[in-house]
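Each chain, letter by letter, is given below.
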Amino acid sequence: MLLPTVPRTRLCSSDQPAIDTPFGPLTFTTTIGNTSLPLQPDELFQLPGDRTLARWVTPGARVELLLTPYDPELDPENWGPLIDCRAAVWRIDALTPLGRVQFSAGLPEGADGGYDGGQGLAAITVENETTRLTVGGSDEEAMCGAADAGEVPRQWAALIDEVHNHSFTTWGVDYGHYHGMSWTLPPLEAGDHCELPVVAAWAPANDESANTWYAVMPSPTVLLRQVTAESAKRADTPDAG
C-alpha cells in the first residue's frame, strides 16, 4: 500500500487520473492478463498538497496510482528552471500469481516525440517552438536493480543477465510511437509487489541545460519520501492546505 500514514479524503472518482502537460494529458492504464482495468478507479483520495491517490481492486491484485508535484532539486548553477514537474508512482500488489501485467503512460496522439533514454532511464522527449517535455521512468536495468531497494520482487534481480544479453522477450519497456511508454512486467507471485515511477518535466524549449532530462530520474522511494516529508510538514503548519 502506498503512503499508509499520510492523511487522505475520499473523493468521487469521476475522471481518469492524469497529469496535465502542455502537450495534453499524460494518462495511465493497467492491463492484467488480457483485461484492462477501468479508466475510472474504484476509489480516489485527495492527499495534502495537490496530490491524489487512485485505487483499483480486482480478485487477483490491488493497483494504486499516486499523482504528485515533484521537486527534483536541480542545482540552479547548472540547470535552468523548470516550468513544472509532476510525477506518478504506480504500485501493484499481487494477491495471486500474475503472469502478465502491463502499465502504460501515454500522451495524446500527435504529441509524438523521440527516444531520450540512458543507463537506467526509459524516456521520451516531445518539443515544439516554445516547450520541451520529457517523460521518464525505469528501464529494464533499473527494474532489476530496484529489487535491492524492495521496490520490485527480489527474484527480478536475477533477470539482469537477460538485460545485458538482450535476451528478454516477454517483459520490458515498449516505446510505441514515442508518445508514451509501456512497461510489461516479469511474472509476479502471490504476495509480490512492484512500484514504478513516471516523471514529467517541462521547460522552455530554448533552455539548453538538459534540465528536463535530469529531472525525470528518481526512484519511487525518493518520490514517496518527498511526499511523506511534505505531508508531515503541512501537518505541523497551522492552516496548511
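Higher on the page you've got the structure.
Residues numbered from 1 in each chain as written. Predicted model: local features only at pLDDT ≥ 70, side-chain atom pairs only at ≥ 80, totals over all residues. Heavy atoms only, no water.

Chemist: Talk me through the nonpolar core; I want residue IDs and the actual numbers.
Modeler: Judged by nonpolar contacts, the single largest core of 48 residues is most densely connected at F28, W90, I92 and L185. With five residues, strand β15 (residues 193-204) is the largest single contributor of residues to this core. By size, the runner-up hydrophobic cluster in this structure holds 21 residues, among which are L47, C85, V89 and A201. (Core = buried A, V, L, I, M, F, W, Y, C linked by side-chain atoms within 4.5 Å. Buried < 20%, exposed > 50% of the residue type's maximum accessible area, 1.4 Å probe, protein only. Helix = DSSP H or I, 4+ residues; strand = E, 2+ residues; numbered from the N terminus.)

Chemist: Describe the pairing of strand β7 (residues 61-69), with residues and values.
Modeler: Of all nine residues in β7, seven are buried, a share of seventy percent or more. Summarising the sheet, strand β6 (residues 51-57) and β7 pair through six bridges and their orientation is antiparallel. Each bridged residue has a counterpart across the sheet, and for L53 the counterpart in β7 is L66. Here β6 folds back onto β7, and the loop between the two strands holds three residues. Both β7 and strand β8 (residues 84-94) contribute to a ladder of nine bridges, which runs antiparallel. Residue pairing for β8: A61 is matched across the bridge by A94. (Pairing = 2+ DSSP bridges.)

Chemist: Quick rundown of helix α4 (residues 220-235)? Include the residues and the values.
Modeler: When the terminal C-alpha atoms of α4 are compared, their 22 Å separation across 16 residues agrees well with the 22 Å that a helix rising 1.5 Å per residue should span. Buried within α4 are the following residues: P220, L223, L224, Q226, V227 and S231. Each buried residue of α4 lies within a common arc of 155 degrees when the element is viewed along its axis, so the set occupies one face. Away from its buried face by more than 90 degrees, α4 exposes R225 and K233. (Expected span 1.5 Å × (residues − 1). Arc of directions from axis to C-beta.)

Chemist: Run through the sheet that holds strand β12 (residues 131-138), naming residues and quoting values.
Modeler: Each strand in a sheet pairs with its neighbour through backbone hydrogen bonds, running either in the same direction (parallel) or in the opposite one (antiparallel). If you trace the nine strands from one edge of the open sheet to the other, you get β1-β5-β6-β7-β8-β15-β12-β11-β10, paired in antiparallel fashion. Unpaired on one side and paired on the other, β1 (9-11) and β10 (114-115) mark the two borders of the sheet.

Chemist: Please give an account of unusual backbone geometry that cites residues and values.
Modeler: Of note, the phi angle at D50 is positive, near 60 degrees, even though the residue is not glycine. Among the secondary structure elements, D50 is positioned in the loop between β5 (43-47) and β6. One non-glycine residue, E73, lies in the positive phi region at around 55 degrees. Here E73 shows up in the loop between β7 and β8. The exposed category is assigned to E73, whose relative accessible area is 63%.

Chemist: Before we move on, can you summarise the environment of P72 with the specific residues and values?
Modeler: Checked against the element boundaries, P72 lands in the loop between β7 and β8. A relative accessible area of 19% means that P72 is categorised as buried. Along the sequence, P72 and C85 sit 13 residues apart, while their C-alpha atoms lie 7.9 Å from each other. Each residue touching P72, except ones within four places of it in the same chain, is listed here: L82, C85 and A215. (Contact = heavy atoms within 4.5 Å.)

Chemist: Residue-level account of the pairing of strand β11 (residues 121-127), with values.
Modeler: Taken across its seven residues, β11 has six buried, putting it largely inside the fold. The sheet contact formed by β11 and β12 spans seven bridges and is antiparallel. Across the sheet, I124 pairs through a bridge with V135, a residue of β12. Counted along the chain from β11 to the antiparallel partner β12, the turn is three residues long.

Chemist: Could you give an account of the environment of R100, naming the residues involved and the relevant values?
Modeler: Structurally, the position occupied by R100 is in the loop between β8 and β9 (101-106). A C-alpha to C-alpha distance of 14 Å links R100 and W156, two positions 56 residues apart in sequence. Residues in contact with R100, not counting those within four places in the same chain, are T31, I32, G33 and T184.

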